[in-house]
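# Chains, contacts and geometry: an overview
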Amino acid sequence: MYKPIISNEKVDIDNLIFFIKRNLKKSFKLSFFVVSLLVIYFFTKTPSYSAKVSFYTNYESKNTSSLSSSVFDSFSLSDTNLEFSVSDYIQSEDFLLKVVEKNYLIEGEKKTLSDYWGTGYNNFFILNPIKLLSQINQYFMLNQNLSIKEKKIYYAKKILSSRLSLAENRESKLYTITLSVRKDPFLAEEIVGHIYNSIIEYSNEVVNIKAIEKSLFIEQRIVEAKEDLEKAENEMLVFLENNIKINSPFLALERERIQRNITLYSQVYRNLSDQLELSKIDEKDNTSSIFLLDTPQMSNSKAGFSLIDFIFIALLFSFISVFSYEAYRNRNHLFIISV
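Keep in mind that this is a model prediction, so the values were computed, not measured.

## Side note on the nonpolar core
- Ranked by size, the top nonpolar core spans 36 residues in total, and within it Leu 113, Trp 117, Ile 191 and Ile 199 carry the most contacts.
- Counting residues per element, the ones that place at least two in this core are β3 (48-57), α2 (86-89), α3 (93-100), β4 (103-106), α4 (113-116), α6 (148-163), β7 (174-182) and α7 (185-242).
- For this core, the leading source of residues is α7, giving 8 residues.
- The contact partners of Ile 191, leaving out residues within four places of it in the chain, are Val 99, Tyr 104, Leu 113, Trp 117, Leu 160, Leu 179 and Val 181.

Structure representation (structure tokens):
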């Protein structure tokens, strides 16, 4: 019979120690059993390997140079901050589809991840009961109008998304992408390399599309500036034809006004032409603002819990289970609360 551990809102340390000692043997028995199971599982389960890539990035695109050196160089179109979220991108359907539909060297032959992973969409031979229930639920929740190919792609994308992780340092803008893959460490490295290349391609695509939009806008403004310039020049031509001799203050001021307009429109036209040339360069610019820190490489150790982790989890689980059960079963003797 146990003596009260808590009585009248006071904890009796001696009784608590006695309770722990009485149940240590049960805890060690359960721990040995659980540890044995986990050790067997550790050495028989399919090993997982990880690969990662790290890079710095800043998607700002600003033209700091100009093709002219006129006093009107301060004029420029507002710079556009070209940004996209790496986190959002690697979770997008378009990105996941590109990755799972690309061919990789798997088991000595070229395969897509949808063919390699996707075949498991109707696999119910799973020992883990929680995963089995999740797999059954997922299978019956699938749209039955999907083709087998579409079901494989969906399942492969889900696996890829679950095994992909992103770490971000907001201050330094350092991103680290990690992927874990079962059985094949070289596959993990190959996929991570493709992921990195995909991010570069998308960042260049964002920059180039913005440059194209900017070029179209500038071209339209050039047409308008040219029309304004020609209009001012024609106005000056008519003025000079009608006023061969300028012998009044009014005519002098009028000529200065027309000349200012010509100068203004000429500077606008020249600056827009410079901006258009820079924008055309950006359209073809394939240099990336992503700077590689660590090349895609596989990890030197297996991914997931180590053997020590399994043993620690088993011991912790066993102790908590035994003491919780015994405390609940003898709660009327261990915990006396006065009314």
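## Points about the confidence of the model for the protein
- Of the residues in the protein, 86% reach a pLDDT of 70 or more, and the chain-wide mean stands at 80.
- Taking the mean pLDDT of every element in the protein, the minimum, 68, falls on strand β9 (residues 335-336) and the maximum, 93, on α3.
- Throughout residues 59-82 the model reports pLDDT below 50, and contacts reaching past four residues in sequence, or to other chains, amount to 46 contacts.

## Some details on the sheet that holds strand β8 (residues 290-302)
- Across the sheet, which stays open at both edges, the 4 strands sit in the order β6-β7-β3-β8 with antiparallel pairing between neighbours. Unpaired on one side and paired on the other, β6 (164-169) and β8 mark the two borders of the sheet. Averaged over all adjacent pairs, the angle separating strand axes in this sheet is 15°, with direction ignored.
- Pairing between β3 and β8: 7 bridges, direction antiparallel. Paired with Ala 51 across the two strands is Met 298, which belongs to β8.
- Against the sheet, α6 engages β6 and β7, with an angle of about 125° to β7.
- Sheet contacts for α7: β3, β6, β7 and β8; angle to β8, the most-contacted strand, approximately 165°.

## A look at the packing of aromatic side chains
- All told, the structure shown has 6 aromatic pairs when counted by the stated rule.
- Plain terms: the ring middles of Tyr 89 and Tyr 202 are 4.5 Å apart, the flat faces sit at 20° to each other, and that makes the pair stacked. Separated by 113 residues along the polypeptide, Tyr 89 in helix α2 and Tyr 202 in helix α7 bring together distant segments of the chain.
- What makes Tyr 89 buried here is its relative accessible area of 5%.
- Cluster of aromatic residues (ring-pair linked, three or more members): Phe 28, Phe 319 and Phe 323.

## Looking at the packing of α3 against α7
- Between α3 and α7, the shortest axis-to-axis distance is 10 Å and the interhelical angle comes to 135°. Judged by the angle between their axes, α3 and α7 are oblique. As α3 packs across α7, the resulting crossing turns out to be right-handed. On the side of α3, the interface is formed by Phe 95, Lys 98 and Val 99, while α7 contributes Ile 191, His 194, Ile 195 and Ser 198.

## As for a nonpolar patch on the surface
- Together, Phe 305, Phe 312, Ile 313, Leu 316 and Ile 320 make up a nonpolar patch on the protein surface, roughly 510 Å² of accessible area in all.
- Tracing the backbone through its elements, the reader meets Phe 305 in the loop between β8 and α9 (307-329).

## A few points about the side chain of Glu 326
- By secondary structure assignment, the location of Glu 326 is in helix α9.
- Accessibility expressed as a relative area gives 2% for Glu 326, which makes it buried.
- A polar contact of 3.0 Å, which involves the side chain of Glu 326, links it to the side chain of Lys 26.
- A distance of 3.0 Å separates polar atoms of two side chains, one belonging to Glu 326 and the other to Arg 329.

The rules behind these values
- Residues numbered from 1 in each chain as written.
- Predicted model: local features only at pLDDT ≥ 70, side-chain atom pairs only at ≥ 80, totals over all residues.
- Heavy atoms only, no water.
- Core = buried A, V, L, I, M, F, W, Y, C linked by side-chain atoms within 4.5 Å.
- Buried < 20%, exposed > 50% of the residue type's maximum accessible area, 1.4 Å probe, protein only.
- Helix = DSSP H or I, 4+ residues; strand = E, 2+ residues; numbered from the N terminus.
- Contact = heavy atoms within 4.5 Å.
- pLDDT = per-residue confidence, 0-100.
- Pairing = 2+ DSSP bridges.
- Axes fitted to C-alpha atoms, helices over the stretch in contact; angles between N-to-C directions.
- Phe/Tyr/Trp six-rings, centres within 6.5 Å; stacked < 30°, edge-to-face > 60°.
- Parallel < 35°, antiparallel > 145°, perpendicular 65-115°, else oblique.
- Left-handed = near helix turned anticlockwise from the far one by under 90°.
- Patch = residues over 30% accessible without salt bridge, like charges linked within 9 Å, V, L, I, M, F, W, Y side chains within 5 Å.
- Areas by Shrake-Rupley, 256 points an atom, 1.4 Å probe, with all protein chains shown as cover.
- Salt bridge = Lys/Arg side-chain N within 4 Å of Asp/Glu carboxyl O.
- Polar contact = N/O pair within 3.5 Å; in protein donor to acceptor, adjacent residues only side chain to side chain.

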